[in-house]
Amino acid sequence: NAIKFTEKGEVTLRCSIPELNQADLISPQENRTKENTAQEKIRLFFEIDDSGIGIPFDKQDIIFDSFSQVDSSTSREYGGTGLGLSICQQLVSLMGGEIGVVSNYGSGASFWFTVTLEQGDSDLLPVFNSGHECAQKTPQYSATVLVAEDNLVNQELAKTMLEILGCKVLLADNGAEAIEVAEQHSLDLIFMDCHMPKVDGFKATKAIRSQTLKSGSKNQLNTEPPIIALTADVRDGIQEHCTQAGMNDYISKPFTLDEIADKLTLWLDSQQHLAPLVTFKEQTIISNDTIEQSSWQVIRDLQRPNQPDILHKLIRIYLDNTPDLIELLTQAAKELDAISFAETAHTIKSSSKNLGAIKLAQLCEKSECNSKEKNQAKAFELIYEIKAEYQLVESELLSELETSD
């Protein structure tokens with residue numbers, strides 16, 4: 001009703017335990033007397049305030065009666081038959097409580113009700129700590145998942161996300177390892193990077209499908225594991241290419257926790273869906289020009305209490321690997337190795353995007369496209385820009401790491 005009758009302004013819901021407060025929020029009708037309830041009982045006081053049309057004082061005694069409205073125009077404008085508040089009164093009465101309203105016509109209304117409930121097991125209640133202002137529910141799944149990904153930043157990020165979602169995670173650095181892991185383990189789902197050294201994701205998927213058919217090996221649910229492509233490829237036809245290889249679905253990089261969870265919900269059997277885990281996320285404000293704020297916040301939202309700082313862990317992996325990749329990019333340009341140049345630029349692009357270094361990622365994407373032109377002069381020009389931008393990114397990342405010292 002508060003939402004229904006409030007065209008502008010606000011609606012506020014409050015819940016309190018009067019017996020814990022110095023000033024009891026108990027209605028005048030209760031004459032401000034406390035009930036002598038047993039220790040295992042708790043009385044809750046709910047209050048819903050709105051800035052809506054309000055209720056005239058002389059009508060407040062009848063609005064809880066069946067089929068009553070303040071006036072006929074209310075029914076015509078807002079709809080309804082006047083049963084809602086009557087039903088609320090009956091429900092509250094059945095729960096041993098009371099209901100009432102305080103209002104001035106034209107200036108909103110404040111509805112309140114009380115209920116007395118048995119106290120639950122305190123071990124089942126979430127513990128609120130300062131700094132954890134917002135509860136979040138994280139889906140949980142009972143599944144063994146393989147992540148085949150040669151980019152160590154993306155690999156660690158996917159592993160962290162899947163472990164947060166309750167999964168057991170196996171890793172493969174390339175397609176050949178993915179085939180071997182799939183042969184040795186019962187897998188419920190596979191996340192497969194499309195572009196990997198030795199054997200790419202498309203060939204690995206075909207081999208795993210063929211391997212399953214020959215051996216008849218399946219997972220615990222006696223089904224073939226769904227294979228989800230992980231790709232930063234934005235070319236037309238990539239979805240069809242994945243399907244032809246035997247993949248069931250795909251996720252574009254950079255991926256998020258919600259996207260991973262959506263795929264697990266879609267492709268895992270319902271009996272593998274568990275009750276969600278309730279945790280509390282820290283609200284962090286980041287001001288950074290070189291690094292896109294939202295990307296760091298996505299990673300920080302993965303943080304769980306009493307766990308190592310996931311953002312700092314990813315930053316260290318990135319800083320350990322990216323200089324070597326840039327050097328490899330330079331060497332490929334010198335040797336006019338277009339394939340190595342494109343693959344290396346692709347790798348730097350993907351991990352840079354995940355860490356919010358968007359400009360650096362865009363420069364790598366330009367380099368990846370330039371590999372088809374085989375323009376060495378342009379390649380070195382882009383490498384110069386990449387190195388300059390990486391210095392800025394490195395400085396910001398090192399500055400962030402210093403916050404943990």
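Residues numbered from 1 in each chain as written. Predicted model: local features only at pLDDT ≥ 70, side-chain atom pairs only at ≥ 80, totals over all residues. Heavy atoms only, no water.

## Description of the overall build of the protein chain
If you tally the helices and strands in the protein chain, you get twelve helices and eleven strands. Expressed as a percentage of its 405 residues, the buried residues of the protein chain come to 44%. In the protein chain, the share of contacts with a sequence separation of at least 24, taken over all contacts with a separation of at least 6, comes to 68%. (Helix = DSSP H or I, 4+ residues; strand = E, 2+ residues; numbered from the N terminus. Buried < 20%, exposed > 50% of the residue type's maximum accessible area, 1.4 Å probe, protein only. Contact = heavy atoms within 4.5 Å.)

## Remarks on the nonpolar core
Judged by nonpolar contacts, the single largest core of 55 residues is most densely connected at Leu-162, Phe-191, Ile-260, Leu-264 and Tyr-318. Among the elements that line this core, the one with the most residues is helix H9 (residues 310–334), at twelve residues. Contacts of Leu-264, omitting those with residues within four sequence positions, involve Tyr-141, Leu-162, Leu-165, Cys-167, Leu-189, Phe-191 and His-273. Among the nonpolar cores identified, the runner-up in size contains 22 residues, and Leu-146, Leu-170, Ala-172 and Ala-229 belong to it. (Core = buried A, V, L, I, M, F, W, Y, C linked by side-chain atoms within 4.5 Å.)

## A short note on the pattern of salt bridges
Counting across every chain of the model gives eleven salt bridges. In this structure, Lys-159 and Glu-163 form a salt bridge, with 3.0 Å as the shortest nitrogen-oxygen distance. Here Glu-163 and Lys-159 lie together in helix H3 (residues 152–164), a separation of four residues that amounts to about one turn. For Glu-163, a relative accessible area of 41% puts it in the partly exposed group. A salt bridge links Glu-400 to Arg-300; its shortest N-O distance comes to 2.6 Å. On the criterion of sequence distance, the pair formed by Glu-400 in helix H12 (residues 376–402) and Arg-300 in helix H8 (residues 293–300) is long-range, its members being 100 residues apart. This pair shows no difference in class: Glu-400 is buried, exactly as Arg-300 is. (Salt bridge = Lys/Arg side-chain N within 4 Å of Asp/Glu carboxyl O.)

## Things to note about unusual backbone geometry
Note that the residue after Lys-253, namely Pro-254, is joined by a cis bond; omega there is -5 degrees. We note that Asn-306 has phi near 65 degrees; this positive angle belongs to a residue other than glycine. With respect to the helices and strands, the residue Asn-306 is situated in the loop between H8 and H9. Residue Asn-306 is classed as exposed on the basis of its relative accessible area, which comes to 79%. Positioned with a positive phi, Leu-336 is a non-glycine residue whose angle comes to about 55 degrees. The topology assignment puts Leu-336 in the loop between H9 and helix H10 (338–354).

## Considerations on the environment of Leu-336
Judged by its relative accessible area of 57%, Leu-336 falls in the exposed class. Considering only alpha carbons, one finds Leu-336 and Ala-379, 43 residues apart in sequence, at a separation of 9.6 Å.

## Here we look at the packing of aromatic side chains
Summed over all chains, the structure comprises four aromatic pairs. Centre to centre, the rings of Phe-45 and Trp-112 are 6.1 Å apart; their planes meet at 15 degrees, and the pair counts as stacked. Of this pair, Phe-45 sits in strand E2 (residues 41–50) while Trp-112 sits in strand E4 (residues 109–118); the two residues are 67 residues apart in sequence, bridging distant segments of the chain. As far as burial versus exposure is concerned, Phe-45 and Trp-112 are alike and both buried. Ring centres of Phe-46 and Phe-113 lie 4.8 Å apart, and the angle between their planes is 10 degrees; on these two criteria the pair is classed as stacked. Residue Phe-46 is located in strand E2, and its partner Phe-113 is located in strand E4; the two are separated by 67 residues in the primary sequence. (Phe/Tyr/Trp six-rings, centres within 6.5 Å; stacked < 30°, edge-to-face > 60°.)

## Here's the deal with the sheet that holds strand E9 (residues 227–231)
Strands sit in the order E7-E6-E8-E9-E10 across an open sheet of five strands; the sheet is parallel. Looking at the sheet topology across the chains shown, the edges are occupied by strand E7 (168–172) and strand E10 (249–252). Each strand of the sheet is rotated relative to its neighbour by a mean of 20 degrees, with strand direction disregarded. Taken together, the four bridges between strand E8 (residues 189–193) and E9 define a ladder with parallel strand orientation. Each residue of the ladder has a partner; that of Asp-193, found in E9, is Leu-230. In this fold H3 packs onto strand E6 (144–148), E7 and E8, with an angle of close to 165 degrees to the strand it touches most, E7. (Pairing = 2+ DSSP bridges. Axes fitted to C-alpha atoms, helices over the stretch in contact; angles between N-to-C directions.)

## Let's talk about the sheet that holds strand E1 (residues 11–16)
Across the sheet, four strands lie side by side as E1-E2-E4-E3; this open sheet has antiparallel pairing. Edge positions in the open sheet fall to E1 and strand E3 (99–103), since each of these has one partner strand only. The sheet shows a mean angle of 20 degrees between the axes of neighbouring strands, direction not considered.

## As for the side chain of Glu-389
By the element assignment, Glu-389 lies in helix H12. Sequence-distant contacts of Glu-389, defined by excluding residues within four places in its chain, comprise Thr-290, Lys-359, Leu-360 and Leu-363.

## Quick word on a negative patch on the surface
There is a patch of like negative charges on the surface, built from Asp-173, Glu-177, Glu-180 and Glu-183. Relative to the helices and strands, Asp-173 is located in the loop between E7 and helix H4 (175–184). (Patch = residues over 30% accessible without salt bridge, like charges linked within 9 Å, V, L, I, M, F, W, Y side chains within 5 Å. Areas by Shrake-Rupley, 256 points an atom, 1.4 Å probe, with all protein chains shown as cover. Lys, Arg positive; Asp, Glu negative; His and termini not counted. Charge placed at Lys NZ, Arg CZ, Asp CG, Glu CD.)

## Concerning H8
Those residues of H8 that sit buried are Ser-295, Trp-296, Gln-297, Ile-299 and Arg-300. As for H8, its buried residues are in contact with H3, H9, H10, helix H11 (358–370) and H12.

## Concerning the side chain of Ser-351
By the element assignment, Ser-351 lies in helix H10. A distance of 3.4 Å separates the side chain of Ser-351 from the backbone oxygen of Ile-348, its partner in a polar contact. Setting aside chain neighbours within four positions, we find Ser-351 in contact with Asn-151, Val-153, Asn-154 and Tyr-318. (Polar contact = N/O pair within 3.5 Å; in protein donor to acceptor, adjacent residues only side chain to side chain.)

## Observations regarding the pairing of E10
Where burial is concerned, the two faces of E10 differ: the one with Asp-249 and Ile-251 is buried and the one with Tyr-250 and Ser-252 is not. Bridge count between E9 and E10: four bridges; the pairing is parallel. Note that in E10 the partner of Ala-229 across the bridge is Tyr-250.

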